[in-house]
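Read off the chains here:
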Amino acid sequence: MRHLLLLLLFVLALSADASAQTAPAAYWVQFTDKANTPYSLSEPEAFLSPRALERRARQGIAVDALDLPVDPAYIQQLLAAGQFQLLGVSRWFNAVTIGSTDTLALDTIDQLPFVAAMRQVARPVQPLQRDRKWDLRAYGTAKGSYDAVYGAGLGQIAMVNGHLLHSLGGARGEGMLIGVLDSGFDGADSIDAFAPLRSRGGIRLTRDLVCPHCDVYQEHWHGRSVLSVMAADRPGQLTGTAPNADYVLVRSEDVHSEFPIEEDNWIEGAELLDSLGCDLLNSSLGYTQFDDSTMDHTYAELDGQTLRIRNDDDLLHNVHSSSAGPNGFNVGQPKAGLVFEFTPRAPEVMVKLGCDVHRWMTAFIGVMAHPYFAVTTATGQFTIPNVPPG
């Protein structure tokens, strides 16, 4: 019986692993035009809320073709071309994100007359089993007294004079609608600090773009922490910068993996928040490196003209270029917010960057006077097309 039980567990483990390995890949598909969309710029209320239109008018932002929804006929024809699952839609990029394991149909997508471009944004591999992308670190106890209103958060709000905005200006976010794009808002539906927000219906909408059938209040803590900096209202413990504002909570980040599809989620979330008329968008997310290194963003994707280095730590950093040519620099950045911009003077590959204060911090940049370069695959392969003779 024991051997039978072990065999059963082994088979179940293999089955679980196989299902994880065959999860559908995801693809971003961009369409050629919106010529036949049933929507019209003369009737923007069909795809933008009254609040969104009012904000556009107030800020002098015109409604243009980018705001028109994707042609639904193109979406239907694409989905009919194979076993595809619609994962997301972007009107600004006139594109959709689809999931599929139908490799034969995927190979024919670029032959559809209304498809302009296609790229893979997630691979069918088992996601990294990360508990979190953000470390839970103790940076020490708060300095100074615990204020009767702001509690231990007095220091952080005083840094931007938010407490004066509250006391002298009487501005605590009234009338503002703030959209938050993050990894989840675990416990925000029950934590006492958000009780005033919930009781007045201040959370206008929640949306999970990673897992549409999931609950953002059951997913990760990072978005909840970000929300607390703005919306917490628990005098003597923590009061946020805008406790009287209303909020829309959107989950676009998947903490268990890192693929460009999360950028697609972010764009869809930003478009949703814009259509609702949000006054501000808050997002503590950024993407450069992915679980599949061939999808990484590199300096080659930028304009190649200016290197911009910003210190986001309230610590001394020293940015040092170990250049064998004319691209050397050595700049101190003693506090957060300082930005150093450098324009390369001549081609050089590779230039090593480091911090003399923190020796483990390194990076490399390539300065080239031509567009003929590539990023290698995980197996070291690369292709450089259209290289001229010589």
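Above this note sits the structure.
Within each chain, residues carry numbers counting from 1 in the order of the written sequence. The predicted origin of the model limits local features to residues at a pLDDT of at least 70 and limits the giving and counting of side-chain atom pairs to 80 or more, whereas totals for whole chains, interfaces and linings rest on all residues. Heavy atoms throughout the structure, all of them, feed into the side-chain values; hydrogens and water do not.

Chemist: So what's going on with the overall build of the chain? Residues and values would help.
Modeler: Numbered from the N terminus, helices here are DSSP runs of H or I no shorter than four residues, and strands are runs of E no shorter than two. Looking only at helices and strands, one finds nine helices and 16 strands in the chain. Burial classes: relative accessible area under 20% of the type maximum marks a residue as buried, over 50% as exposed, and values in between as partly exposed (1.4 Å probe, protein chains only). Across the 390 residues that make up the chain, the buried fraction comes to 37%. In this description, contact between two residues means that some pair of their heavy atoms is separated by no more than 4.5 Å. A fraction of 68% describes how many contacts in the chain between residues 6 or more apart in sequence connect residues 24 or more apart. Accessible area of the chain: about 22300 Å², with a carbon and sulfur share of 56%. Only the protein chains shown count as cover for residues, and the accessible areas themselves come from Shrake-Rupley with a 1.4 Å probe.

Chemist: Before we move on, could you go through unusual backbone geometry and cite the residues and values that matter?
Modeler: The residue after Val-349, namely Met-350, is reached through a cis peptide bond having omega -10°. Relative to the assigned elements, Met-350 resides in strand 15 (residues 348–355). The backbone phi angle of Asn-161 is positive, close to 60°, even though this residue is not glycine.

Chemist: Tell me what's going on with the state of the cysteines, and back it up with residues and numbers.
Modeler: Counting rule for disulfides: a pair of cysteine sulfur atoms within 2.5 Å. This model, assessed by the stated rule, comprises one disulfide. There is a disulfide in this structure between Cys-211 and Cys-214, and the S-S distance comes to 2.0 Å. The chirality of the disulfide connecting Cys-211 with Cys-214 is right-handed, given an S-S dihedral of about 55°. Relative accessible area serves as the criterion here: at 27%, Cys-214 is assigned to the partly exposed category.

Chemist: Can you tell me about the pattern of salt bridges, naming the residues and giving the values?
Modeler: Two side chains bearing opposite charge may form a pair once their charged atoms approach each other closely. By salt bridge we mean one thing: a side-chain nitrogen of Lys or Arg within 4 Å of a carboxyl oxygen of Asp or Glu. In total, this model carries 17 salt bridges according to the counting rule given. A salt bridge links Asp-274 to Arg-55; the shortest N-O distance between them is 2.6 Å. On the criterion of sequence distance, the pair formed by Asp-274 in helix 9 (residues 261–276) and Arg-55 in helix 2 (residues 50–59) is long-range, its members being 219 residues apart. A single burial state applies to Asp-274 and to Arg-55, both of which are buried. For the salt bridge of Asp-274 with Arg-91, the shortest nitrogen-to-oxygen distance reads 3.2 Å.

Chemist: Now, about the pairing of strand 16 (residues 362–367): what can you tell me, with residues and values included?
Modeler: In this structure, strand 15 lies alongside strand 16, joined through five bridges in antiparallel fashion. In the sheet register, Leu-353 faces strand 16, and the bridge partner there is Ala-363. Count of turn residues in the strand 15/strand 16 antiparallel hairpin: six residues. Being paired, for any two strands, means DSSP has found at least two bridges between them.

Chemist: Go over helix 3 (residues 72–80), please, and point to the residues and values.
Modeler: Inspection of helix 3 places Tyr-74, Ile-75 and Leu-78 among the buried residues, and these make up the whole buried set. All buried residues of helix 3 fall inside an arc of 100° around its axis, so they share one side. Those residues of helix 3 that are exposed and angled more than 90 degrees off the buried face are Gln-76 and Ala-80. Among the residues of helix 3, the N-terminal cap falls to Asp-71, whose side-chain oxygen and the backbone nitrogen of Ala-73 are separated by 2.9 Å. Directions pointing from the helix axis toward each C-beta atom define the arc. Distance and chemistry together define a polar contact, namely a pair of N or O atoms within 3.5 Å, with one atom able to donate a hydrogen and the other to accept it when in protein, and with adjacent residues in sequence counting only for side-chain atoms on both sides.

Chemist: I'd like to hear about the environment of Leu-66, residue by residue, with values.
Modeler: In this structure, Leu-66 sits in the loop between helix 2 and helix 3. Looking at Leu-66, the relative accessible area reads 49%, which means it is partly exposed. C-alpha separation for the pair Leu-66 and Phe-93, spaced 27 residues apart in sequence, amounts to 7.3 Å. Once residues lying within four places of it in the same chain are set aside, the contact partners of Leu-66 are Lys-34, Arg-91 and Trp-92.

Chemist: Now, about the packing of helix 2 against helix 9: what can you tell me, with residues and values included?
Modeler: Lines fitted to the C-alpha atoms define the axes, with helices restricted to the stretch that makes contact. Angles between their N-to-C directions range from 0 to 180 degrees. For the pair helix 2 and helix 9, interaxial distance at closest approach is 6 Å and the crossing angle is 85°. Classified by the angle their axes make, helix 2 and helix 9 are roughly perpendicular. In this structure, helix 2 uses Arg-51, Ala-52, Arg-55 and Arg-56 to contact helix 9, whose residues at the interface are Asp-274, Ser-275 and Leu-276. As a working rule, the residues Ala, Val, Leu, Ile, Met, Phe, Trp, Tyr, Cys and Pro are called nonpolar, Asp, Glu, Lys and Arg charged, and the rest polar, with Gly in that last group. Its residues assigned to classes, the contact of helix 2 with helix 9 shows two nonpolar, one polar and four charged. Any angle from 65 to 115 degrees is called roughly perpendicular, while one under 35 is roughly parallel, one over 145 is roughly antiparallel, and all others are oblique.

Chemist: Now, about the sheet that holds strand 12 (residues 317–322): what can you tell me, with residues and values included?
Modeler: Strand order in the open sheet formed by four strands is 13-12-15-16, with antiparallel pairing between adjacent strands. The sheet is open, and its two edges are formed by strand 13 (330–333) and strand 16, each paired on a single side. Strand-to-strand twist across the sheet, computed as the mean angle between neighbouring axes with direction ignored, equals 20°. As paired strands, strand 12 and strand 13 are joined by four bridges and run antiparallel to one another. Looking at the pairing, Asn-318 lines up with Gly-332 of strand 13.

Chemist: Break down the side chain of Thr-97 for me, with residues and values.
Modeler: Its place among the elements puts Thr-97 in strand 3 (residues 95–100). Residue Thr-97 is classed as buried on the basis of its relative accessible area of 6%. Among the polar contacts made by the side chain of Thr-97, one reaches the side chain of Asp-264 at a distance of 3.0 Å. The residues contacting Thr-97, other than those within four sequence positions of it, are Ala-26, Tyr-27, Trp-28, Gln-85, Leu-86, Leu-87, Gly-88, Val-121, Ile-261 and Asp-264.

Chemist: Requested: an account of a nonpolar patch on the surface, with residues and values cited.
Modeler: Within the patch definition used here, like charges are joined within 9 Å and nonpolar side chains (Val, Leu, Ile, Met, Phe, Trp, Tyr) within 5 Å, considering only residues with over 30% relative accessible area and no salt bridge. Taken together, the side chains of Val-349, Met-350, Phe-364, Met-368 and Phe-373 define a hydrophobic patch exposed on the protein surface, amounting to about 470 Å² of accessible area. With respect to the secondary-structure elements, Met-368 resides in the segment after strand 16. For Met-368, a relative accessible area of 36% corresponds to the partly exposed category.

Chemist: Which residues make up the sheet that holds strand 9 (residues 246–251), and what are the values?
Modeler: Here four strands make up an open sheet; going across it, the order is 6-9-5-10 and the pairing parallel. Among the strands making up the open sheet, the edge pair consists of strand 6 (203–208) and strand 10 (280–283). Going across the sheet, the axis of each strand differs from the next one's by a mean of 15°, ignoring polarity. Helix 9 rests against strand 5 (177–182), strand 6, strand 9 and strand 10 of the sheet, and its axis sits at about 170° to strand 5.

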